[in-house]
Amino acid sequence: MDIEEKNLLTPSQFTFTLVSSMIGTGVLTLPNDVIKAAKQDGWISCIIGGIYPIYIFVLAYLVSKRFPKSNLFVLSKKCFGKLLGNIFNVIFISYCILEAAFILSGFGNVFRIYAAPFLRSYQVILPILIVPAFISFKSIVSLGRFNKIIFYLTIFLVFMPIGVFKQSSVLNIMPIGDTGIVSIMKGAKETAYSYSGIELIFLLYPLLEEKKKFLKCSSASIGITIFVYTWVTFLAIFYLGIDISPKFFWPTIALADSINIPIINSFRFIFISFWALVMIKGLATYYYASCYTWSLLVKRMSKKTFAVLIYLPIAYIAMRLGNPTLRGWCVNKTIPYYVAFNIIFLSVLAFLCHFKKGDISEKN
Amino acid sequence: MDERKVINQSNIDNIKKLIGSKSEIVVRTFIVGNKNFLEAAIMYVNGLADVDVIDRDILKPLMLHVAEDLTNVSNIEDYIYKKYVAVSDTYVEGDVNKAADSIKRGKTVIIMEGASSFIVVNTTGGTYRAISEPHNDPTLRGPKEGFIENLETNISLLSRKIKDKNLVTEKYVLGRRSQTDLVIMYIDDIVDKGFLNRIREKIETIDIDSISSDSFIEQCIEEHPYSIFPQVIASERPDVVQSKLMEGRIAFLLDGSPFVSTYPTVMAEFFQTTEDYYERSIIGSFIRIVRLLAVFIVITVPSIYITLIKFNAELIPIEFVESLIKSRKGIALTPFMSLLAMQLTIEFLREGGLRLPSKIGQTLSVVGGIIIGDAALNAKIVSSSTLLVAGITTVASFAISDYQMAISIRIISYLMLIMSNWLGMLGIVIGWLFIIAYLSSMNNFGVPYVSFRIGDIKDIFIRAPLWTMKNRPEGIPHKDSKRQSIFRRR
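Residues numbered from 1 in each chain as written. Chains lettered and ligands numbered in written order. Predicted model: local features only at pLDDT ≥ 70, side-chain atom pairs only at ≥ 80, totals over all residues. Heavy atoms only, no water.

A. The overall build of chain B, seen in detail. Helix and strand content of chain B: 17 helices and twelve strands. Dimensions of chain B, computed from C-alpha atoms along their principal axes, come out at roughly 105 × 55 × 40 Å. The 490 residues of chain B split such that 49% are buried. Within chain B, contacts between residues at least 6 apart in sequence are counted, and of these 66% link residues at least 24 apart. Within the structure as shown, chain B displays about 23600 Å² of accessible surface, and the carbon and sulfur contribution to it stands at 58%. Computed over 55 positive and 56 negative side-chain charges, the separation of the two mean positions in chain B equals 6 Å. (Helix = DSSP H or I, 4+ residues; strand = E, 2+ residues; numbered from the N terminus. Buried < 20%, exposed > 50% of the residue type's maximum accessible area, 1.4 Å probe, protein only. Contact = heavy atoms within 4.5 Å. Areas by Shrake-Rupley, 256 points an atom, 1.4 Å probe, with all protein chains shown as cover. Lys, Arg positive; Asp, Glu negative; His and termini not counted. Charge placed at Lys NZ, Arg CZ, Asp CG, Glu CD.)

B. Looking closely at the packing of helix H1 (residues 11-22) of chain A against helix H8 (residues 140-159) of chain A. Residue and element names in this part refer to chain A. Remark: H1 packs on H8, axes separated minimally by 8 Å, with the N-to-C direction vectors making an angle of 75°. Overall, the two elements H1 and H8 adopt an arrangement that is roughly perpendicular. Taken together, the residues of H8 that come into contact with H1 (itself represented by Ser12, Gln13, Phe16, Thr17, Val19 and Ser20) are Val141, Leu143, Gly144, Arg145, Asn147, Lys148, Phe151 and Tyr152. Residues that form the contact of H1 with H8 fall into these classes: six nonpolar, six polar and two charged. (Axes fitted to C-alpha atoms, helices over the stretch in contact; angles between N-to-C directions. Parallel < 35°, antiparallel > 145°, perpendicular 65-115°, else oblique. Nonpolar A, V, L, I, M, F, W, Y, C, P; charged D, E, K, R; others polar.)

C. How the structure looks around the domain arrangement of chain B. Domain annotation of chain B identifies domain 1 (2-121), domain 2 (151-265) and domain 3 (277-444). Each of domain 1 of chain B and domain 3 of chain B has a C-alpha centre, and the two are 65 Å apart. (Domains from an automatic or database assignment.)

D. Summary view of the sheet that holds strand E9 (residues 250-254) of chain B. Residue and element names in this part refer to chain B. Taken in spatial order, the five strands make up an open sheet running E6-E7-E9-E10-E8, and their pairing is antiparallel. Since the sheet does not close on itself, it has two edges, and those belong to strand E6 (167-174) and strand E8 (233-235), each with one partner. The mean angle between the axes of side-by-side strands here comes to 30°, regardless of whether they run parallel or antiparallel. The sheet contact formed by E9 and strand E10 (residues 260-263) spans three bridges and is antiparallel. Bridged to alanine 251 within E10 is threonine 262. The sheet contacts of helix H8 (residues 238-246) involve E6, strand E7 (180-187), E8, E9 and E10, and relative to E7 the element is tilted by about 55°. (Pairing = 2+ DSSP bridges.)

E. Broad picture of unusual backbone geometry. Looking along the chain, the bond that leaves tyrosine 263 of chain B and enters proline 264 of chain B is cis, with omega of -10°. Within the secondary structure layout, proline 264 of chain B lies in the loop between E10 and helix H9 (274-278). Phi at lysine 39 of chain A takes a positive value of approximately 50°, unusual for a residue other than glycine. Tracing the backbone shows lysine 39 of chain A in the loop between helix H2 (26-38) and helix H3 (42-49).

F. Spatial organisation of the pairing of E7 of chain B. All names here are of chain B. Judged by how many residues are buried, E7 sits mostly within the fold: eight of eight residues are covered. Of the two faces of E7, the one carrying Thr180, Leu182, Ile184 and Tyr186 and the one carrying Asp181, Val183, Met185 and Ile187 are both buried. Between the end of E6 and the start of E7, which pair antiparallel, lie five residues, with glycine 175 showing a positive phi angle near 95°. The sheet contact formed by E7 and E9 spans four bridges and is antiparallel. What sits directly across from valine 183, in E9, is leucine 253.

G. Focus on the environment of valine 87 of chain B. Residue and element names in this part refer to chain B. Its location among the elements puts valine 87 in the loop between helix H3 (76-83) and strand E3 (90-93). For valine 87, a relative accessible area of 13% gives the class buried. Sequence separation of valine 87 and isoleucine 346 is 259 residues, and the distance between their C-alpha atoms is 57 Å. Once residues lying within four places of it in the same chain are set aside, the contact partners of valine 87 are Val53, Asp57, Val121 and Asn122.

H. Just the packing of helix H10 (residues 281-310) of chain B against helix H16 (residues 425-440) of chain B, in detail. Residues and elements named next belong to chain B. Their axes nearest at 9 Å, the elements H10 and H16 cross at an angle of 160°. One finds that H10 runs roughly antiparallel with respect to H16. Judged by the twist between their axes, the crossing of H10 over H16 is right-handed. For the pair H10 and H16, contact is made by Phe296, Ile299, Thr300, Ser303, Ile304 and Thr307 and by Met425, Ile428, Trp432 and Ile435, respectively. Among the residues making up the contact of H10 with H16, the classes are represented as seven nonpolar, three polar and no charged. (Left-handed = near helix turned anticlockwise from the far one by under 90°.)

I. Quick peek at the confidence of the model for chain B. All names here are of chain B. With 99% of its residues at a pLDDT of at least 70, chain B reaches an overall mean of 89. Mean pLDDT across the secondary structure elements of chain B bottoms out at helix H1 (residues 2-19), with 78, and peaks at E9, with 95. As scored by the predictor, the complex reaches a pTM of 0.89 and an ipTM of 0.92. (pLDDT = per-residue confidence, 0-100.)

J. Broad picture of the packing of aromatic side chains. Taken as a whole and assessed by the stated rule, the structure comprises 42 aromatic pairs over all chains. Feature note: the residues Trp43, Phe159, Phe165, Phe227, Trp231, Phe234 and Phe238 of chain A constitute an aromatic cluster, connected by ring pairs. (Phe/Tyr/Trp six-rings, centres within 6.5 Å; stacked < 30°, edge-to-face > 60°.)

K. The arrangement of the interface of chain B and chain A in detail. Between chain B and chain A, the residue contacts involve 36 residues of the former and 35 residues of the latter. The contact between chain B and chain A buries some 3300 Å² in all, and 72% of this surface belongs to carbon and sulfur atoms. Inspection of the chain B/chain A interface yields five residue pairs in polar contact (both at pLDDT 80 or more). Elements that contribute at least two residues to the side of chain B that touches chain A include exactly helix H6 (193-205), helix H15 (403-423) and H16 of chain B. (Buried area = accessible area lost by both parts, 1.4 Å probe. Polar contact = N/O pair within 3.5 Å; in protein donor to acceptor, adjacent residues only side chain to side chain.)

L. Representation of a nonpolar patch on the surface within the structure. A cluster of nonpolar side chains, namely Val366, Val367, Ile370, Ile371 and Ile372 of chain B, defines an oily patch on the protein surface of about 410 Å² accessible area. In this structure, isoleucine 372 of chain B sits in helix H13 (residues 358-378). (Patch = residues over 30% accessible without salt bridge, like charges linked within 9 Å, V, L, I, M, F, W, Y side chains within 5 Å. Salt bridge = Lys/Arg side-chain N within 4 Å of Asp/Glu carboxyl O.)

M. Up close: the sheet that holds strand E2 (residues 38-45) of chain B. Residues and elements named next belong to chain B. Spatial ordering of the open sheet is given by E1-E2-E4-E5-E3, a layout of five strands whose pairing is antiparallel. The open sheet terminates on both sides in strands that have one partner only, identified here as strand E1 (25-32) and E3. Averaged over all adjacent pairs, the angle separating strand axes in this sheet is 25°, with direction ignored. Note that E3 and strand E5 (residues 118-121) share four bridges and pair antiparallel. When the bridges of E5 are listed, valine 92 appears paired with isoleucine 119. The strands touched by helix H2 (residues 51-64) within the sheet are E1, E2, strand E4 (108-112) and E5, with E1 carrying the most contacts at an inclination of about 20°.

N. Seen up close, the pattern of salt bridges. Residues and elements named next belong to chain B. This structure, assessed with the given rule, holds 25 salt bridges over all chains. Across the salt bridge formed by lysine 83 and glutamate 68, the nearest N and O atoms sit 3.4 Å from each other. Separated by 15 residues along the polypeptide, lysine 83 in helix H3 and glutamate 68 in the loop between H2 and H3 bring together distant segments of the chain. Glutamate 68 gets classed as partly exposed once you look at its relative accessible area, which sits at 23%. Connected via shared salt-bridge partners are Lys244, Glu247, Arg249, Glu269 and Arg483.

O. Representation of the side chain of serine 440 of chain B in the model. Along the chain, the position of serine 440 of chain B falls in helix H16. Judged by relative accessible area, serine 440 of chain B falls into the buried class, the value being 0%. At 2.8 Å, the side chain of serine 440 of chain B forms a polar contact with the backbone oxygen of isoleucine 436 of chain B. Residues within four places of serine 440 of chain B in sequence aside, it is in contact with Ser142, Arg145, Phe146 and Ile149 of chain A.

P. Region of the structure containing the nonpolar core. Residue and element names in this part refer to chain A. The biggest cluster of nonpolar side chains holds 168 residues, and the ones touching the most others in it are Phe111, Ile201 and Phe202. If one sorts the elements of this core by residue count, helix H14 (residues 267-297) sits on top with 19 residues. Dropping the residues within four chain positions of it, isoleucine 201 is found in contact with Phe14, Leu18, Ile56, Phe57, Ala60, Phe214 and Ser218. (Core = buried A, V, L, I, M, F, W, Y, C linked by side-chain atoms within 4.5 Å.)

Q. Quick look at the environment of isoleucine 150 of chain A. Looking at where isoleucine 150 of chain A falls in the secondary structure, it is placed in helix H8. For the pair isoleucine 150 of chain A and leucine 277 of chain A, spaced 127 residues apart in sequence, the C-alpha separation works out to 6.8 Å. Each residue touching isoleucine 150 of chain A, except ones within four places of it in the same chain, is listed here: Leu277, Val278 and Lys281 of chain A together with Leu433 and Ile436 of chain B.

Next up, the structure:
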C-alpha cells in the first residue's frame with residue numbers, strides 16, 4: 001500500500017516541500033521590507049503579494065494539464081529550441097544556487113549573531129551544509145519526508161509569538177488602509193523575494209505521486225505561506241509598530257523576545273535554534289533543486305555527483321556574501337531580476353505549452 | 001524373499017547416508033506377524049524422538065498384536081499405518097530425502113519389507129524449557145506466557161491466539177549445515193503481497209552455514225547493515241506478535257530461538273511496550289510521552305549542558321551561576337572531559353551489570369553508583385552538576401523500553417556531545433538535523449522507517465483508546481485498512 005519505491009512525493013510531502021521552498025530566511029526581514037512601502041498596512045501587502053505564487057501556480061497548472069510528466073527543462077527545450085532553452089535553463093539553475101547561497105549566508109549571519117558569536121563564518125557554513133548535501137545525495141523522497149517532519153516540529157514557532165498580544169497596541173495598525181492602494185501595492189512588490197521559490201513547482205509537479213491532488217496540495221502550501229507571512233508581519237507591526245520595527249535587522253526574531261519563561265534567560269536563543277531547522281529545510285530544498293536541475297542539464301552525470309560537486313561553490317558564495325548588509329544589498333540587486341525573469345520565462349513557456357497545438361504534445 | 005530383505009537394507013543404508021552415518025541414529029529391526037512374517041525396521045535419532053511413544057504405539061502393536069497374514073496384502077505400508085500405528089500424526093512418504101529430513105526433526109520412519117514407501121510417524125520429543133514469563137519483557141496486566149525454543153510450541157502459541165482462517169504458515173530451511181527450520185506467519189488477507197514477495201526473495205538469498213538465533217536472519221537481510229539504528233524488533237511475547245500480525249506484519253519464527261521478529265519494523269515500535277496497551281489510555285499516553293521525553297533528554301541534555309558552560313554562559317540564570325562556579329572550583333578537567341569520563345564509567349557499570357549474577361550485581365551498583373560517584377566528587381574529577389547531568393541522562397536512557405534502541409541513542413548522545421563541544425548550539429542543531437535527515441532517508445524493505453501520518457500519530461506519541469483505532473497503521477503496508485467498526489461514540 002505504501003511501499004515507496006517509485007521515488008515520487010506523496011501529496012503531503014509535496015505540500016511541505018513547496019512550503020519550504022517559499023519560507024526560508026525571507027520571513028525574518030519581511031516586516032521591514034513591507035513597512036518601508038506600506039507602513040502600518042504592510043500586512044495587507046503580504047496578502048496581496050500572494051498573487052505572485054498564485055499566478056505561478058496557475059501557470060504550472062495549465063502546463064501540467066497538458067504535460068503531466070515533463071519537467072521545466074524538457075518543456076523549455078521543446079518551446080524555445082535547444083540553444084535558447086538551455087540558456088534559460090542555466091539561468092534557472094543559477095537562480096537555485098544563488099537562493100541556496102542566500103539562505104545559507106542568511107542563516108550563518110543570524111545564527112552567529114544570536115546563538116554562536118564565538119564561531120567563524122566557515123565554521124557555521126561548512127558543517128551545516130553537509131545536511132542538505134546528504135539529503136540531496138539520497139532522494140526526493142528523503143527531502144519530502146525531511147520537510148514534512150521539520151514542518152511538524154516547528155509549526156509551534158508560528159503560534160508562539162501569540163504572547164505579544166498582551167503587550168501590543170491596536171493603535172500600531174490603525175488606521176487600516178490609510179496609506180492608500182498604491183503604497184500597499186508597492187509593499188506587495190517588496191514581498192516578491194519572500195514569495196519567490198514557488199517557481200520550483202515546475203520542477204516538482206512531475207514528481208507528485210497523485211496528480212489529481214496537485215491543485216489541493218499547491219493551494220494548501222500557498223495558503224500556509226501567505227498565512228505565515230501575513231501573520232508575522234501583522235504581529236511585528238502590532239507589537240513593535242512601524243517606527244521601531246525597522247530598527248531591528250530581523251524584526252521577526254524580536255517577536256520572540258515577548259516570551260518570558262522563568263529560568264530561560266533568553267528565549268531568542270531557543271527560537272533561533274528551532275528557526276535554524278526551518279531555514280535548513282529551505283536550504284535543502286534549493287540544494288536538491290540545484291543538483292536535480294544540473295543533472296537534467298548534464299545528462300551524463302547523476303544527481304549524486306552534483307550533490308558533492310556543488311557543495312563547495314555554494315559554501316564559497318555564501319561566505320563571500322559576508323555580513324547582513326552586504327548580503328541584503330546582493331539580494332536586492334539580484335532577486336528582483338530573477339523574479340522578473342521567472343515571470344516572463346514561465347509565462348511565455350506556459351503560453352506556448354497551452355496554446356501551441358500539435359507538434360509538442362506528450363505521449364502518456 | 002531374500003531380494004526383499006536386500007531392498008529393506010538398501011533403504012536403511014540410503015537414509016543413513018542422507019543423515020550422516022556417524023550420527024546418533026537408531027535402527028531397530030523386528031518381525032511383524034506370527035506366520036509368514038515380514039521384516040521391518042524403524043529409524044529415529046536418539047534424543048530427538050520420544051522413545052516411550054515409539055515403544056508403546058509403534059513397536060508394541062506391530063510386534064505383539066499382528067495376528068494375520070500380511071504377505072498377501074497389497075499396499076502394505078498403507079494398511080499397516082492405518083491399522084496398527086496408534087499415533088495421530090502419521091503419513092506415508094515416497095521420497096527418501098523427505099523421509100531422511102523428517103528423521104532429523106525427531107520423527108520415526110518405519111520401513112516395511114515389500115513396501116515402496118516409508119511410514120513417517122511424528123514422535124518428536126526431547127526436553128524443552130517450559131512456557132514461562134519472559135524475564136526481559138515482564139508485564140503487570142498482560143498474559144504471562146512467552147515463546148520457547150521449540151518451533152512447534154511457538155506456532156501453537158500463536159495459532160491459539162489467532163483463530164482466523166487466513167493465518168498462514170510458510171516453511172523454509174536455512175543454514176547449509178545447521179538446516180534450521182524457519183517459519184514465517186502472516187494473515188493472508190491483511191498482508192501486502194508485494195511486501196510478502198520481497199521478504200520471500202530476501203529469505204531465499206540467505207546462504208550461511210549455521211543459524212542459531214533470529215538476529216542472524218535480521219543481520220543477513222537488513223537493508224542498512226551499518227546503520228546505528230536497529231531495524232528489526234523481536235519479542236518474546238505471543239501477544240505482542242499477535243497484535244503485529246494484525247497490523248499486516250510478517251512474523252519470523254526460528255527453531256531454537258525464543259524471540260520472534262516481525263517485519264517490517266518502523267522506528268516508533270521501539271518506543272512502545274505491551275504495557276501501554278494493557279493500561280488505560282490516559283496512563284499509556286502519559287508513559288509514552290515520558291519515554292519520548294527521555295529520548296530527547298539522553299540525546300540533548302549533556303550537549304546543552306556543555307554548550308551552556310563552555311560557550312553561552314550568559315544564558316545560565318544568575319542565581320545558578322554562583323553555585324556552578326563554586327562546584328567547579330579546583331577541577332582540572334574541562335566540563336567536556338569530565339562529562340565524557342562519567343558517561344564512560346556509567347557505560348562500564350552498565351555493561352558489567354548486564355552479565356553479572358544478580359547477587360554480585362548489587363555490589364556493583366553500590367560500588368559504582370555510590371562510592372565512585374562520591375569519590376569522583378571529592379577527588380575533584382567532576383563537579384556535582386556534571387555528575388547530575390550524567391546521572392539524569394543514564395536514568396533517562398533506562399526509560400527507553402528497547403535495549404538495542406537505548407544503546408543506539410546513547411551512541412548518538414556521545415556524538416552530540418562531541419559536536420556541541422566543538423560548535424556549541426550549532427553542533428546540537430546540526431546533530432538533530434542530521435538525525436532527522438538520516439531517518440527520513442531510511443527505508444526498511446521499502447517501508448519508510450519514520451513516517452508522520454496523521455492517522456498513525458495517535459499510536460506514536462500517545463496511545464489513543466483502543467476503540468478509536470478503527471484503521472490499521474498507514475505506515476505498514478497492508479491490503480485491508482479497516483480494523484474495526486466505530487462501535488462506540490465516546
